[in-house]
Amino acid sequence: MNLAVVHNLPAGGQKKALYYQLKYLSKHHKIDLYTLSTADESFYPVKSFIRNYFVEKYIQPKKFPRSVLSIYFSLPSVYKNIANKINKGNYDVVLVYPCIFTQSPYILKYLNTRSIYICPEVKREFYETFNRKSNNITYRLTLPFRWPLKFIDLINGRHADKIVVNSKFSKLMIEKIFRRNTVLNYLGVDTKLYRPYLDSSTIGGVHSDTSEVSSSLSVLSVGEISPHKAHDFIIRSLALIPEKIRPFLYLVTQGGSEIAHIRKLAQENNVKLKIFLNIKDQELLELYRQAKVYLYAAINEPFGLTILEAITCGLPIVAVKEGGVPELINGEVKGYLTDRDEEKFSQAITGSLNNPISNEEKNMQFEFIKKNWSWEKSVKEFEKIILN
């Protein structure tokens, strides 16, 4: 099939998912990629998988209110130009991924070719309340000007011919808001890259920025440092563990608005913290392998891609049982699911540290993930959705 793919994604889990989906789809289909100049193409670049690559220029003004007004009045014409090219391109299907500005992109309104919108979530800031510590006043003052984005996301998303979601949780949420049926396609994990290391005494080749991990009792969390990822909850939970046995916290991130707040909170609570910014896959792999427990406290996250990576690398999981997370943690995986209660979360961390995962359990987790959660399996199901 001839596939057109459209995205305007930043670095993060959604871009990583796009990378693996196109990697496996490109083995059987011809793919042209259409993106905006505001998309992050340095993070998991996909050029090697595609036939043609097109970039439409869009410059968002830096100052408010022009930055918001540009989304309403300039961005639609950019997407309309892309749609015109696609409509003339003799494509069988257009795979549309989210837009960093509107979530559901404007292009869905302008396409004549059959469209499939890969929709992990709605514009959540208009449906949930997050505890913001950074730029809170600015956020509240500008919120009325950004309120139309809620309806833009809704209207654009409803124009898709088919909507694909990544968890049962997101399926319920999106169908309720969009009032459209959706199709579930779970994401996967790269089991060729992420594997457990069973002999910790011979680990070597660690990058200088991660070398101290092997000499410390450390726990790990990966994700954008922003309010909905709830790293503040993790820090307060760790602070409840007696200082003598309190582990280091290692955060891996592509950035976020709450970095300064998280650093300050860790210092105030005497939680030892190291933040790894924009590290490479091999460095992340070493951190997964050397940490003792993986921590995940994101608020109503539709899918925890990093949870799968951590499980594959042999880590026990301590996570808040919200969003799509309970769909990933079951009897085949060692770990704890808790309420959003710092005392319970803290006790679960201590329990995991006191009961380390064995090599046999690591192997069992890896084989379970390889069989049930590989990208090969995920994309094979995704391909059926496209062909239907």
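As a starting point, this report considers the structure included with it. Here the residue numbering is sequential within each chain, running from 1 through the sequence in written order. pLDDT decides what is reported in this predicted model: residues at 70 or higher carry local features, side-chain atom pairs at 80 or more are listed and counted, and totals for whole chains, interfaces and linings draw on all residues regardless. The side-chain quantities take in all heavy atoms of the structure and omit both hydrogens and water.

## Description of the nonpolar core
Selection rule: Put simply, buried Ala, Val, Leu, Ile, Met, Phe, Trp, Tyr and Cys residues joined by side-chain atoms within 4.5 Å make one nonpolar core. Exposure is judged per residue with a 1.4 Å probe applied to protein chains only, and the accessible area is read against the type maximum: over 50% gives exposed, under 20% gives buried, and values in between give partly exposed. Numbered from the N terminus, helices here are DSSP runs of H or I no shorter than four residues, and strands are runs of E no shorter than two. Should any heavy atoms of two residues lie within 4.5 Å, those residues are considered in contact.
Counting 63 residues, the largest nonpolar core has L95, Y194, L220, Y288, Y294, I307 and I317 as its most contacted members. Tallying contributions element by element places helix α1 (residues 13-25) first for this core, with seven residues. Leave out the neighbours within four places in its chain, and L220 touches Y250, V252, L287, Y288, A291, V293, Y294 and L295. By size, the runner-up hydrophobic cluster in this structure holds 37 residues, among which are Y79, C99, L111 and F126.

## Some thoughts on the sheet that holds strand β9 (residues 248-253)
Within a sheet, neighbouring strands are paired by backbone hydrogen bonds and run either parallel or antiparallel to one another. Our working rule: Strand pairing is defined by DSSP finding a minimum of two bridges between the two strands. Lines are fitted to the C-alpha atoms to define the axes, a helix being fitted only along its stretch in contact, and any angle between axes, read from their N-to-C directions, falls within 0 to 180 degrees.
Strand order in the open sheet made by the six strands is β10-β9-β8-β11-β12-β13, with parallel pairing throughout. In this open sheet, the two strands that pair with only one neighbour each are β10 (273-277) and β13 (335-338). Strand-to-strand twist of the sheet, defined as the mean angle between neighbouring strand axes without regard to direction, takes the value 20°. Examined bridge by bridge, strand β12 (residues 317-320) and β13 share four bridges and lie parallel to one another. Residue pairing for β13: V320 is matched across the bridge by T338. Along the sheet, helix α11 (residues 305-312) makes contact with β8 (218-222), β11 (293-296) and β12, crossing β11 at roughly 170°.

## Quick notes on unusual backbone geometry
F64 connects to P65 through a cis peptide bond whose omega is 10°. Relative to the assigned elements, P65 resides in the loop between β3 (52-56) and α2 (66-73). The backbone of N90 sits at a positive phi, close to 60°, despite the residue not being glycine. Secondary-structure assignment places N90 in the loop between α3 (75-87) and β4 (93-99). In this structure N90 comes out as exposed when scored by relative accessible area, which is 65%. Of note, the phi angle at N270 is positive, near 55°, even though the residue is not glycine.

## Observations concerning α2
Listed as buried for α2 are S67, V68, S70, I71 and Y72. Here the buried face of α2 lies against α3, α5 (136-146) and α6 (148-158).

## Some points on the pattern of salt bridges
Worth spelling out the cut-off: Any carboxyl oxygen of Asp or Glu that lies within 4 Å of a side-chain nitrogen of Lys or Arg is treated as forming a salt bridge with it.
In this structure the tally under the stated criterion is 17 salt bridges. Salt-bridge contacts for E301 lead to R124; the nearest nitrogen and oxygen are separated by 3.6 Å. In this pair, E301 is assigned in the loop between β11 and α11 and R124 in the loop between β5 (115-118) and α5, connecting sequence segments 177 residues apart. What makes E301 buried here is its relative accessible area of 10%. Among the ionic contacts, a cluster of salt bridges with common partners joins E121, R124, E128, K229 and E301.

## Some words on the packing of aromatic side chains
How two aromatic rings sit relative to each other is given by the distance of their centres and the angle of their planes. Quick note on the threshold: Put simply, two rings from Phe, Tyr or Trp (the six-membered ring, in Trp's case) pair if the centres are within 6.5 Å, and we call them stacked under 30 degrees between planes, edge-to-face over 60, tilted for the rest. Lysine NZ or arginine CZ positioned within 6 Å of the ring centre and within 35 degrees of the ring normal marks a charge as sitting over the ring.
What the rule picks out here adds up to 20 aromatic pairs. Consider the rings of Y58 and F101, whose centres lie 5.5 Å apart with planes at 75°: the pair is edge-to-face. Of this pair, Y58 sits in the loop between β3 and α2 while F101 sits in the loop between β4 and α4 (107-110), placing them 43 residues apart in sequence. Per residue, the accessibility class of Y58 equals that of F101, and both read buried. Here Y288 and Y294 contribute two aromatic rings whose centre-to-centre distance is 6.0 Å and whose plane-to-plane angle is 50°, an arrangement assigned as tilted. The burial state of Y288 is the same as that of Y294; both residues are buried. Members of the aromatic cluster, joined through ring pairs, are Y19, Y20, F43, Y44, F49 and W375. One Lys or Arg, K274, reaches over the ring of F276 and ends 5.2 Å from the middle of that ring. Cation over ring: R340 sits above F233, and NZ or CZ is 5.3 Å from the ring centre.

## Remarks on a nonpolar patch on the surface
Spelled out, the test is: Patch membership needs two things, relative accessible area over 30% and no salt bridge, and members are linked within 9 Å if like-charged or within 5 Å if nonpolar (Val, Leu, Ile, Met, Phe, Trp, Tyr). Areas reported here follow the Shrake-Rupley algorithm with a probe of radius 1.4 Å; residue values treat only the protein chains shown as occluding.
Residues W147, F151 and I155 make up a contiguous nonpolar surface patch of about 280 Å² in total accessible area. Tracing the sequence through the fold places F151 in helix α6. Residue classification places F151 among the partly exposed positions, given a relative accessible area of 41%.

## Structural notes on empty space enclosed by the protein
Our working rule: In this analysis the probe radius is 1.4 Å and the grid spacing 1 Å, with only protein atoms considered; a cavity is a set of points the probe fits into but cannot get out of, a pocket is an open set with protein on both sides within 12 Å along at least five of seven lines, and lining residues have an atom within 4 Å of a point. Grid points are joined across faces, edges and corners, and a volume is the space filled by probe spheres set on the points. Asp, Glu, Lys and Arg are counted as charged, while Ala, Val, Leu, Ile, Met, Phe, Trp, Tyr, Cys and Pro are counted as nonpolar; the rest, among them Gly, fall into the polar class.
By the definition in use, this model includes two cavities of 30 Å³ or more. As for the largest cavity, its lining consists of N131, I225, S226, P227, A230, H231, D232, E258, H261 and I262. For the lining of the largest cavity, the secondary structure elements donating two or more residues are α8 (231-239) and α9 (259-268). For the lining of the largest cavity, the per-class residue count stands at four nonpolar, four polar and two charged. Taken as a whole, the second largest cavity holds about 40 Å³ of empty space. The residue inventory of the lining of the second largest cavity, partitioned by class, reads four nonpolar, three polar and one charged.

## Comments concerning the sheet that holds strand β7 (residues 183-184)
Taken together, the seven strands give an open sheet; going across it, the order is β3-β2-β1-β4-β5-β6-β7, and neighbouring strands pair in parallel fashion. Of all the strands in the sheet, the pair left with one neighbour each is β3 and β7. Sheet strands touched by helix α7 (residues 168-178): β5, β6 (162-165) and β7. Its angle to β6, the strand with the most contacts, is close to 145°.

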